[in-house]
Each structure stands twice: as C-alpha cells, then as structure tokens.
Amino acid sequence: MMYIITSIIVILLPFIIVLYDYWDRHQPKLGAVGNGVREGFNGFSIIMLILMFLSGVLNLIVALKKYKDFKKSQS
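Procedures and definitions
Residues numbered from 1 in each chain as written. Predicted model: local features only at pLDDT ≥ 70, side-chain atom pairs only at ≥ 80, totals over all residues. Heavy atoms only, no water. Helix = DSSP H or I, 4+ residues; strand = E, 2+ residues; numbered from the N terminus. Expected span 1.5 Å × (residues − 1). Bend = angle between axes of the 7 residues up to and from the residue. Buried < 20%, exposed > 50% of the residue type's maximum accessible area, 1.4 Å probe, protein only. Contact = heavy atoms within 4.5 Å.

Trainee: Looking at this structure, how should I read helix α1 (residues 2-25)?
Mentor: Since the α-helix turns once every 3.6 residues, residues separated by three or four places project in the same direction. The end-to-end C-alpha distance of α1 is 34 Å, a good match for the 34 Å that 24 residues give at a rise of 1.5 Å each. Within α1, the axis deviates most sharply at Leu12, by approximately 30°, and proline Pro14 lies no more than four positions further along. Where α1 is concerned, the buried positions are Ile4, Ser7, Ile11, Pro14, Asp21 and Asp24. The elements touched by buried residues of α1 are α2 (43-74).

Structure (structure tokens):
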C-alpha cells in the first residue's frame with residue numbers, strides 16, 4: 001500500500017513544482033531580493049520533471065499489479 005501512495009506522490013510532485021514556480025514567478029520581487037529577471041525552467045529541468053512523472057506512472061502500474069497479486073494470494 002505504501003508503494004501505491006509513494007507512486008501517487010511522485011506523479012503529483014511535478015505538477016506541484018510547476019504550480020509553485022508559476023506562483024513564485026508572478027509574485028512581486030522588491031528590494032534586495034528582486035528587481036531582476038527570473039528565469040523559468042530550462043531544458044534539463046523540464047526533462048527531469050517529465051521523467052519524474054513517467055517513473056511515477058510506471059511505478060504505480062507495478063504497485064497496482066503487486067497489490068493485486070498480493071490480494072489474490074491472501075484469498
């Protein structure tokens with residue numbers, strides 16, 4: 001069961017990261033902290049987010065298969 005929960009978290013994490021980046025990019029940056037141009041995601045970051053999402057999906061498939069086999073062996 002923990003494997004399924006962890007897979008779901010890994011699937012949702014890239015979306016949370018993108019939403020946080022979008023929110024942070026639109027916050028006013030004043031004083032010593034800001035006044036500069038904030039860069040968005042670069043190519044490497046986008047690839048890593050996509051790979052994180054895909055690994056979560058693939059692990060969720062494996063986790064559901066293992067959970068189904070476990071429940072079948074219990075009965």
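More follows now that the structure is in view.
Trainee: Mind showing me how you'd approach the side chain of Ser7 here?
Mentor: The topology assignment puts Ser7 in helix α1. Contacts of Ser7, omitting those with residues within four sequence positions, involve Gly56, Asn59, Leu60 and Ala63.

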